[in-house]
Amino acid sequence: MKKQQYLFMSLAALLFATPAFAQGAAAVSPGAQWVPLAAGLGMALAAGLCGLGQGKATASATEALARNPGARPGIFIFLILGLAFIESLALFTFVIIFLKVQ
């Protein structure tokens with residue numbers, strides 16, 4: 001617990017210390033400074049929730065196989081298809097963020 005507290009405090013200090021190392025003022029639109037932070041937060045949310053979805057899908061497929069081992073081919077096909085769709089959501093988020101943050 002203490003290690004987590006030290007980690008989060010260090011990250012907070014680094015987050016608030018970034019303006020100290022900034023260069024001189026440039027012509028930046030008012031909301032442009034929040035774009036990288038929002039992009040990182042969006043990717044973190046997308047990756048985390050896709051991971052939760054993949055875990056739930058895998059757990060459900062495992063439970064279905066335990067109940068009916070004879071249905072393995074059908075369950076396997078739909079599991080792989082579902083995991084591909086879930087992973088594509090994270091990849092689409094990554095592409096959108098990559099295009100937005102320049």
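Residues numbered from 1 in each chain as written. Predicted model: local features only at pLDDT ≥ 70, side-chain atom pairs only at ≥ 80, totals over all residues. Heavy atoms only, no water.

Caption draft 1: A look at the overall build of the protein. In terms of helices and strands, the protein carries three helices and zero strands. Sequence-ordered secondary structure for the protein, helices as α and strands as β, is α-α-α. Per-residue burial over the protein gives 10% buried out of 102 residues. (Helix = DSSP H or I, 4+ residues; strand = E, 2+ residues; numbered from the N terminus. Buried < 20%, exposed > 50% of the residue type's maximum accessible area, 1.4 Å probe, protein only.)

Caption draft 2: Structural detail: the pattern of salt bridges. One pass over the structure, following the stated rule, counts one salt bridge. In this structure, the salt-bridge partner of Glu 63 is Arg 67, at a minimum N-O distance of 3.2 Å. Pair noted here: Glu 63 and Arg 67 are both in helix H2 (residues 35-67), with a separation of four residues, about one helical turn. A residue is classified by how much of its surface remains accessible, and Arg 67, at 68% relative accessible area, is exposed. (Salt bridge = Lys/Arg side-chain N within 4 Å of Asp/Glu carboxyl O.)

Caption draft 3: Region of interest: H2. When the terminal C-alpha atoms of H2 are compared, their 48 Å separation across 33 residues agrees well with the 48 Å that a helix rising 1.5 Å per residue should span. Among the residues making up H2, those that are buried are Ala 39, Ala 46, Cys 50 and Ala 61. For H2, the secondary structure elements touched by its buried residues are helix H3 (72-100). (Expected span 1.5 Å × (residues − 1). Contact = heavy atoms within 4.5 Å.)

Caption draft 4: Layout of the packing of aromatic side chains. Using the criterion set out here, one finds one aromatic pair in the structure. The interplanar angle of 25 degrees and the centroid separation of 6.4 Å between the aromatic rings of Phe 94 and Phe 98 together place this pair among those described as stacked. One end of the pair, Phe 94, and the other, Phe 98, are both in helix H3, four residues apart, so they sit about a helical turn from each other. Overall, Phe 98 belongs to the exposed group, its relative accessible area being 60%. Taking NZ or CZ as reference, Arg 72 lies 5.3 Å from the ring centre of Phe 76, over its face. (Phe/Tyr/Trp six-rings, centres within 6.5 Å; stacked < 30°, edge-to-face > 60°. Lys NZ or Arg CZ within 6 Å of the ring centre and 35° of its normal.)

Caption draft 5: Spatial organisation of the environment of Ile 97. Residue position: Ile 97 is located in helix H3. It is 9.3 Å that separates the C-alpha atoms of Ile 97 and Val 35, two residues lying 62 residues apart in sequence. Not counting chain neighbours up to four residues away, the residues in contact with Ile 97 comprise Ala 39, Gly 42 and Met 43.

Caption draft 6: Inspection of the environment of Gln 54 at higher detail. Relative to the helices and strands, Gln 54 is located in helix H2. Between the alpha carbons of Gln 54 and Leu 83 there is a distance of 6.1 Å; along the sequence they are 29 residues apart. Residues within four places of Gln 54 in sequence aside, it is in contact with Leu 83, Ile 86 and Glu 87.

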